[in-house]
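Observations on the model geometry
The lines below spell out each chain.
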Amino acid sequence: MFIRHLAIVTLALSWTIAAHAADPLVDGSWAVQNANAPGVVFLDVQSARNYQRRQIPGSIHTEYPEDGWRYFTTELGVAIPSPSEFARLVGGLGIANGDHVVVVATGSNERDMSVATDVYWTFRFFGHGEISVLDGGLQGYRSARGAVESGEGIKRPPAEYTPRRRSRILAEYDDVFGALGVSVLIDHQPYANYLGINKSNLAKSYGAIPGSKHLAADWLMADGGGVFRSKEELLRLFSFAKIPADGKTISIGDSSLEGSLGWFAMSEIVGNPQAKLYPGGMAQWTRRGENPLVRRVNIDEPQATN
């Protein structure tokens with residue numbers, strides 16, 4: 001009986017380790033050393049044009065969001081794929097459950113890297129364990145003297161893929177609506193959007209969710225580039241923004257892009273296991289009924305005259 005119990009515990013532990021064993025962030029030197037390693041798949045999320053100009057040899061390309069990483073509807077705003085849709089997408093790229101996937105963006109700025117973190121989050125949500133983001137993207141790889149090639153790239157043969165949904169990193173609409181007093185809402189929109197001066201094309205209205213704390217996505221990257229700040233630097237930023245580095249947090253952006261960058265910094269670099277992403281973002285929040293918004297600067301309001 002003891003041996004059987006030990007075997008069950010060992011199996012459960014091994015699955016837990018396998019559920020997320022790879023380092024979330026790898027650098028250019030690691031990529032150079034592992035460019036041809038068996039079981040490592042470099043998934044390039046640059047634009048098709050940039051990919052065809054410069055790519056890591058042997059990398060495969062996917063178009064974000066067009067290939068099905070995200071959907072947009074008038075009612076729901078941004079939505080994630082279903083398990084079956086994700087299985088078709090990833091299997092069609094030739095990725096199997098046991099592959100170590102390394103997501104590669106161009107690496108010029110936070111916008112590039114947010115595509116990588118959004119794809120990373122989606123893999124994690126569906127239970128893929130061996131998944132990493134290349135810090136600095138292709139630029140980081142080239143800085144480490146990695147060889148590149150051009151052209152259409154390769155196509156891997158289709159693979160069988162079985163997603164395992166892990167909802168603990170997902171915050172849905174109802175979670176956000178009932179979050180005040182339960183979770184810390186972190187708004188990663190540009191500051192002008194948070195204030196209500198501007199809004200993204202996806203958002204229907206101006207402003208931010210009441211009670212949310214602001215930390216712009218580009219603050220998370222060193223000097224506005226594609227390299228993440230260190231854990232120590234991120235902790236200082238969270239402290240400045242009066243955001244706790246532990247406990248329940250929900251990252252929110254205009255869409256899932258900025259939010260995923262914030263979630264990645266909080267969850268994968270700082271190490272908060274209770275961090276969640278609201279992938280619907282302000283695009284969804286501003287489209288579902290008359291949800292409360294705070295517009296701190298209303299430039300449309302007529303000025304009082306003396």
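Above this text is the structure in question.
Residues numbered from 1 in each chain as written. Predicted model: local features only at pLDDT ≥ 70, side-chain atom pairs only at ≥ 80, totals over all residues. Heavy atoms only, no water.

**Here's the deal with the side chain of Gln55**
Mapped onto the secondary structure, Gln55 falls in the loop between helix 3 (48-53) and strand 3 (60-61). A relative accessible area of 0% places Gln55 in the buried class. Engagement of the side chain of Gln55 in a polar contact is seen with the backbone oxygen of Tyr51, the distance being 2.8 Å. Only 3.0 Å separates the side chain of Gln55 from the backbone oxygen of Gly151, close enough to count as a polar contact. Sequence-distant contacts of Gln55, that is, excluding residues within four places in its chain, are made with Asp44, Leu138, Ala147, Val148, Glu149, Ser150, Gly151 and Gly153. (Helix = DSSP H or I, 4+ residues; strand = E, 2+ residues; numbered from the N terminus. Buried < 20%, exposed > 50% of the residue type's maximum accessible area, 1.4 Å probe, protein only. Polar contact = N/O pair within 3.5 Å; in protein donor to acceptor, adjacent residues only side chain to side chain. Contact = heavy atoms within 4.5 Å.)

**Structural notes on the pattern of salt bridges**
Enumeration over the complete set of coordinates arrives at five salt bridges. For Asp99, the salt bridge is made with Arg156, and the minimal N-O distance between the two is 3.6 Å. Of this pair, Asp99 sits in the loop between helix 4 (83-92) and strand 6 (100-104) while Arg156 sits in the loop between helix 6 (137-143) and helix 7 (173-177); the two residues are 57 residues apart in sequence, bridging distant segments of the chain. Residue Arg156 is classed as partly exposed on the basis of its relative accessible area of 29%. Two residues, Arg111 and Glu258, come together in a salt bridge whose shortest N-O distance is 3.8 Å. Linking Arg111 in helix 5 (residues 110-125) with Glu258 in helix 10 (residues 256-270), this pair joins segments that are 147 residues apart in sequence. By relative accessible area, which is 47% here, Arg111 ends up partly exposed. (Salt bridge = Lys/Arg side-chain N within 4 Å of Asp/Glu carboxyl O.)

**Description of a positive patch on the surface**
A grouping of Arg49, Arg53, Arg54 and Arg142 is seen on the molecular surface, where their side chains present a positively charged patch. Position of Arg54 relative to the elements: it lies in the loop between helix 3 and strand 3. (Patch = residues over 30% accessible without salt bridge, like charges linked within 9 Å, V, L, I, M, F, W, Y side chains within 5 Å. Areas by Shrake-Rupley, 256 points an atom, 1.4 Å probe, with all protein chains shown as cover. Lys, Arg positive; Asp, Glu negative; His and termini not counted. Charge placed at Lys NZ, Arg CZ, Asp CG, Glu CD.)

**Points about the side chain of Asp99**
Asp99 sits in the buried class, given a relative accessible area of 11%. For Asp99, the side chain forms a polar contact with the main-chain nitrogen of Ala96, separated by 2.8 Å. Not counting residues within four places of it along the chain, the set of residues in contact with Asp99 comprises Gly39, Val41, Gly94, His128, Glu130 and Arg156.

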